[in-house]
Each structure stands twice: as C-alpha cells, then as structure tokens.
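Read off the chains here:
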Amino acid sequence: MTPAPTSVPALGRARTAGSWLIDHGLTRLALRVGHRRSPSDPFLRLQLDPQVRADPYATYDQLREMGALVHASGMSAATTHAAATQVLRSPSFGTAQGRGGLPEPLVRLSLAVFDPAAPGPADPPALLALDPPRHTRFRRLITREFAARSVSRMEDRVREIVDEVLADVPDEPRFDLVEHFSSQVPLRVIADLLGVPPEMRPSLLEWGNQGAKLLDAGLPYRDYRDARGATRALRTWFDAHIARLRRTPGEDLLSRLATLTGEDALTDTEIAFTGLLVLGAGFETTVNLISNAVVQLSDHPDQRDVLRERPELWTNATEETLRYDSPVQLTFRRALEDVEIAGQPVSAGTGVLVMLAGANRDPDVFTDPHRYDVTRANASEHLALSSGVHYCVGAGLARLETAIALEMLYDRYPDLRVASPGVRRPTRVLRGYESLPVTTAAARQVVR
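What counts, and where the lines are drawn
Residue positions are counted from 1 within each chain, in the order its sequence is given. Reporting in this predicted model follows two pLDDT cut-offs: at least 70 for local features of residues, and 80 or more for side-chain atom pairs to be given and counted; totals over whole chains, interfaces and linings ignore these cut-offs and use all residues. Heavy atoms throughout the structure, all of them, feed into the side-chain values; hydrogens and water do not. For helices the rule is a DSSP run of H or I covering at least 4 residues; for strands it is a run of E covering at least 2, with both sets numbered from the N terminus onward. Buried residues are those whose accessible area, probed at 1.4 Å on protein chains only, stays under 20% of the maximum for their type, while exposed residues exceed 50% and partly exposed ones sit between those limits. Contacts are residue-level and defined by heavy atoms, with any inter-residue pair within 4.5 Å sufficient. Methods summary: accessible areas were calculated by the Shrake-Rupley approach with a probe of 1.4 Å, and residue burial reflects only the protein chains presented. For helices, the axis comes from a line fit to the C-alpha atoms of the stretch in contact; other axes are also lines fit to C-alpha atoms, and the angle between any two N-to-C directions lies between 0 and 180 degrees. Angle categories are assigned with fixed cut-offs, so that under 35 degrees is roughly parallel, over 145 is roughly antiparallel, 65 to 115 is roughly perpendicular, and the rest are oblique. Should the near helix be turned anticlockwise from the far one by less than a right angle, the crossing is left-handed, and should it be turned clockwise, the crossing is right-handed. For our purposes a nonpolar core is just a set of buried Ala, Val, Leu, Ile, Met, Phe, Trp, Tyr and Cys residues, chained together by side-chain atoms within 4.5 Å. We call two strands paired when DSSP finds no fewer than two bridges between them. The span you would expect from a helix comes to 1.5 Å times its residue count less one. Each direction from the helix axis to a C-beta atom contributes to the arc, which is the arc of those directions. Identification of polar contacts relies on pairs of N or O atoms within 3.5 Å, with a donor-acceptor requirement for protein atoms, meaning one able to donate a hydrogen and the other able to accept it, and with residues adjacent in sequence counted only if both atoms are side-chain atoms. In this analysis, rings of Phe, Tyr and Trp, with Trp reduced to its six-membered ring, are considered paired at centre separations within 6.5 Å, and the interplanar angle assigns stacked below 30 degrees, edge-to-face beyond 60, and tilted for intermediate values. Sitting over a ring, as applied to charges here, requires NZ of Lys or CZ of Arg to be within 6 Å of the ring centre and within 35 degrees of the ring normal. Amino acid classes used here: Ala, Val, Leu, Ile, Met, Phe, Trp, Tyr, Cys and Pro are nonpolar; Asp, Glu, Lys and Arg are charged; the rest, including Gly, are polar.

## Topic: the overall build of the protein
- Looking only at helices and strands, the protein features 18 helices and twelve strands.
- Looking at the 448 residues of the protein, the share that counts as buried comes to 58%.
- A sequence separation of at least 24 residues applies to 73% of the contacts in the protein between residues at least 6 apart.
- Accessible surface for the protein amounts to roughly 18300 Å². Of this, 53% is attributable to carbon and sulfur atoms.

See the structure below:
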C-alpha cells in the first residue's frame, strides 16, 4: 500500500510554483508561441504534436536532412551520429545543472528557488546535473561500487528474479506486459540493489513513474506539481532508509555507500541522489526497453524466429532495440564556451538538444537504418545510453536484465505477440508504454 503523500509546507508550494514557471512555464509558452508562428517547424512538432511523438523517426530524418546542427526556436539540435557524439564527448559542453537550454541567468534563478526536499532525477547533486570535477569524484565512487558487485556476477540473481516474476504472471492467454512483467523485473532488481523491502516496491514504482516526468521540458503545472510531490515522498523515504542503513548496513549498494569513510564519505543527500540515479538509470530505461523490444518482435516475427534458432543473439537484439526504438530519445547540453560542432560555430551559453534516437537512425553509420535486424553487426554503436562522461552508469545492468528477461519470456511464451495497441507514456524524453496488452495461445513452457 502506498504511503500518504508528504505534506508540503507553504514555502515548498511557493518554490514548486516558482520552479515550474522558470523551468517549464516559460519554455511551454515559448514552444506554443513558436508553433503558432511556424506550425510546420519539425522541431516544434516533435515537442508538441502527439502524433509525431508516437512515431518521431520521420521527423528525425527531416531534421537530419536540414543539417548536422540545426538552429531553430531559440535552441540548436545535433541531428547526426557524428554531431551528437561530438557534443556528448566534448568538455566544452555541460549539463546546465539539469536545466537544459535555459539561459544562464534563468539557470541561476531556478537553482535559487529549487526545493531540495523534492529533488528530481536531473537536479544537482544528481550525476545527470553535475559536470567535472565534481561529477568525476561522485561517478568514480558509484562506478566502483557497481564494479564491486560485478554486473556479470548478478546474472544468477537476475535469472532468479525473472523466474519469480514469470511465476506471478496471470495464467491467462492475455495480460498486460508492463503491469505484470516489464515493470516488475527491473523493479525487483533495483529493490535488491538499493536494499528496498518488498512492501515498499509499489511505492517505489509509483514515485519513480511520476518523478521521471521531470526529465521533460514544458510540463503542465499539474504534472509538474504531482511529479515534485512524488520526488518529495521519495526523498523523505530515502532519508529514513539511509539512516537505517547507517545503523545496520546490509550488502546492498546504498549500504556500501553509506559506510564509506574518509575522503570517500558521502553525505546523506549524495547517497539519496545516488538512489534516485539508480532508480532512473536502472529502472525507467529497462522498463521501456523490454516493452519496446516486445513490440518490435511482434511487428517483426521473422526476427523472433531468428532468435528462436540463435538464442545467443538476445544480447545483440537488446542492442538493436536500443538503437531502433531508443527508450531515451534525447538529452540536453549547454555550451560552456565558444566551440565548433559539425563545422558550425556554437556560442557559449547555447543550449543543444542532442537527438539520440535520430542519431541512432543515421544512414551514415547504420546500413538500412529503418530496418529492425537482430543480427546487425554494429548495433552496439548506438547512442541510446549516451556517451562521454555521462554515459549511463547502469548500462551494463540494463543490458543484462533486458537480454535475460526477453530470453526467458519467449522461452515461456514462444508465440507472444501484442494483442492491441498499447498506451504510450506521455513523456518526450522517455519512450515506452504505460500499458501493453499481449496474448499467447501456447501452454507455459519450462523456463531454462
């Protein structure tokens, strides 16, 4: 049962309203004014048109044809694989502390009214909002702790979890994949990693789904308020959880971080943000990735047949899904200094929208890029998990979970297919499903 929402003091409500106005209200207004003036602008249609968001890839192609770096609507967009890679790897670009392309004065104002009791996944000191050198220290500690657990050594536990989840799937020919499988596998893996007790999993799922909306730009106020309420509740729970772990540490990631000493010691705030990071990187991405893969394999039964004959390709199928239908569609960077990208000057302070999903369909890198091919030799060259210093810290775990989950799912349901169009998530940055009805007529098979 989900705990009651944390009460919000008057100052918190004022901060929520102020943060929304700066971070989302002004952006929302600018996008709508621009769309009225230029309704055919592909950049604006990508942001505002639900039909384009449902299938954005033709629009990504249109933007790429306009150039490797497109200047429009007060922002630039890196559209090709080469330009996107250059932005992501260049020390001349930073995260704007999670504030996307906001001008520097608005970034400072936003941080001044930011409510630390309701942090989002891209608010400092989250890794997504930090730049070197602070980012370097924080990431080193987290990466080291991930390595200490060794993703490869987690394979047996992931298989146990997938087996447990499959055992709980309704014994019916039709069920909701998101509700009963693709959300449950990463939820239980992340709960293990963070030392979350089983009774808190539903709350973690609800708070995570709400908080992930904060990655989008131009949110309506109600969505923003609800998302901040979820992150407030999540931060309150993490603070209490960390206090428990400091008293009685376990073997989980947060316990290891909570017991670091000396120069490596982290504050409660840094540990809580690590929990938020792991929740976002290891949960939201994987939920969407599993669901997107099932949709593609339903639409391309010939590829499902290939995997049935060659199960060693499940890892590559995961990479191809990351490329072909990226669970993270885009990210933001801000130029820290005057720099040149794709032969074009970019002035300091300019916000750049990095079209990850568009770069992953770049014909200069991927032959026949609009074809879903689980045997594609260079599928792993995608940018779905970013690149450079902000390369996804949970990438290895997300890949492992997805490959194992898909293989075991299709072992049990060889004829699994999508029964009817799913309900897509309304988010722009994250691409996935809120629900996805699937059907299978086959009897349950023995899981390997």
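Continuing now.
## Points about the packing of helix α16 (residues 314-324) against helix α18 (residues 395-412)
- It is the contact of α16 with α18, at a shortest axis distance of 9 Å, that shows an interaxial angle of 115°. Considered as vectors, α16 and α18 are oriented roughly perpendicular to each other. The hand of the α16/α18 crossing is right-handed. Counted together, Trp 314, Thr 315, Thr 318 and Glu 319 of α16 and Arg 399, Thr 402, Ala 403, Leu 406, Glu 407 and Tyr 410 of α18 form the full contact between these two elements.

## Focus: the nonpolar core
- Formed by 70 residues in total, the largest nonpolar core has its most connected members in Val 162, Phe 181 and Leu 409.
- Per-element accounting of this core gives the leading share, 13 residues, to helix α14 (residues 268-299).
- Those residues within four positions of Phe 181 in sequence are excluded, and the remaining contacts are Val 162, Val 165, Leu 166, Asp 176, Pro 186, Ile 290, Ala 405 and Leu 409.

## Quick look at the sheet that holds strand β8 (residues 351-354)
- Read across the sheet, five strands follow the order β1-β2-β8-β5-β3 without closing on themselves; strand pairing throughout is mixed. Edge strands, defined here as strands with exactly one partner in the open sheet, are β1 (69-72) and β3 (93-94).
- One ladder, built from four bridges, connects strand β5 (residues 331-335) with β8; its direction is antiparallel. Within β8, the position partnered with Arg 334 by the bridge is Gly 351.
- With respect to the sheet, helix α5 (residues 81-89) is in contact with β2 (75-78), β3, β5 and β8, its orientation differing from that of β8 by roughly 125°.

## Describing the sheet that holds strand β12 (residues 437-439)
- Pairing in this open sheet of three strands is antiparallel, and the strands run β4-β12-β9 from one edge to the other. Of all strands in the sheet, those with a lone pairing partner are β4 (174-176) and β9 (417-418), marking the two edges.
- Sheet topology places β4 next to β12; three bridges connect them, and they run antiparallel. In the strand pairing of β12, Arg 174 is matched with Thr 439.

## Structural notes on helix α8 (residues 155-168)
- Taking 1.5 Å of rise per residue, the 14 residues of α8 would be expected to cover 20 Å, and the 20 Å separating its terminal C-alpha atoms lies within 8% of that figure.
- Along α8, the residues that are buried comprise Val 158, Ile 161, Val 162, Val 165 and Leu 166. All buried residues of α8 fall inside an arc of 135° around its axis, so they share one side. Along α8, the residues that are exposed and aim more than 90 degrees away from the buried face are Asp 156 and Ala 167.

## Remarks on the side chain of Thr 321
- In this fold, Thr 321 is placed in helix α16.
- A polar contact of 2.8 Å, which involves the side chain of Thr 321, links it to the side chain of Tyr 372.
- With sequence-adjacent residues up to four places away left out, Thr 321 is seen in contact with Leu 289, Asn 292, Ala 293, Ser 326 and Tyr 372.

## Topic: the packing of aromatic side chains
- Throughout the structure, instances matching the rule amount to six aromatic pairs.
- The ring of Phe 366 carries the charged tip of Arg 323 above its face, separated from the ring centre by 5.2 Å.
- Its end group placed over the ring of Tyr 324, Arg 361 keeps NZ or CZ at 3.9 Å from the ring centre.

## Quick notes on the pairing of β5
- Most of β5 is tucked away: five of the five residues are buried.
- On β5, burial covers both faces: Thr 331, Arg 333 and Ala 335 on one face and Phe 332 and Arg 334 on the other are all buried.
- Across two bridges, the pairing between β3 and β5 is antiparallel. The residue bridging Gly 94 from the neighbouring strand is Arg 334, located in β5.

## What to know about the packing of helix α10 (residues 184-194) against helix α11 (residues 201-211)
- Two elements in contact, α10 and α11, have axes separated by 10 Å at closest approach and are oriented at 110°. One finds that α10 runs roughly perpendicular with respect to α11. The crossing of α10 and α11 is right-handed. Across from Gln 184, Leu 187, Arg 188 and Ala 191 in α10, the residues of α11 making contact are Arg 201, Leu 204 and Leu 205.
- Tallied by class, residues from the contact of α10 with α11 come to four nonpolar, one polar and two charged.

## Brief notes about unusual backbone geometry
- A positive phi is found at Ala 342, a non-glycine position, where the angle reads about 55°.
- Looking at the secondary structure, you find Ala 342 in the loop between β6 (339-341) and β7 (344-346).
- At Ser 386, a position not held by glycine, the phi torsion is positive, near 70°.
- Summarising the element assignment, Ser 386 is placed in the loop between α17 (356-359) and α18.
- A residue is classified by how much of its surface remains accessible, and Ser 386, at 12% relative accessible area, is buried.

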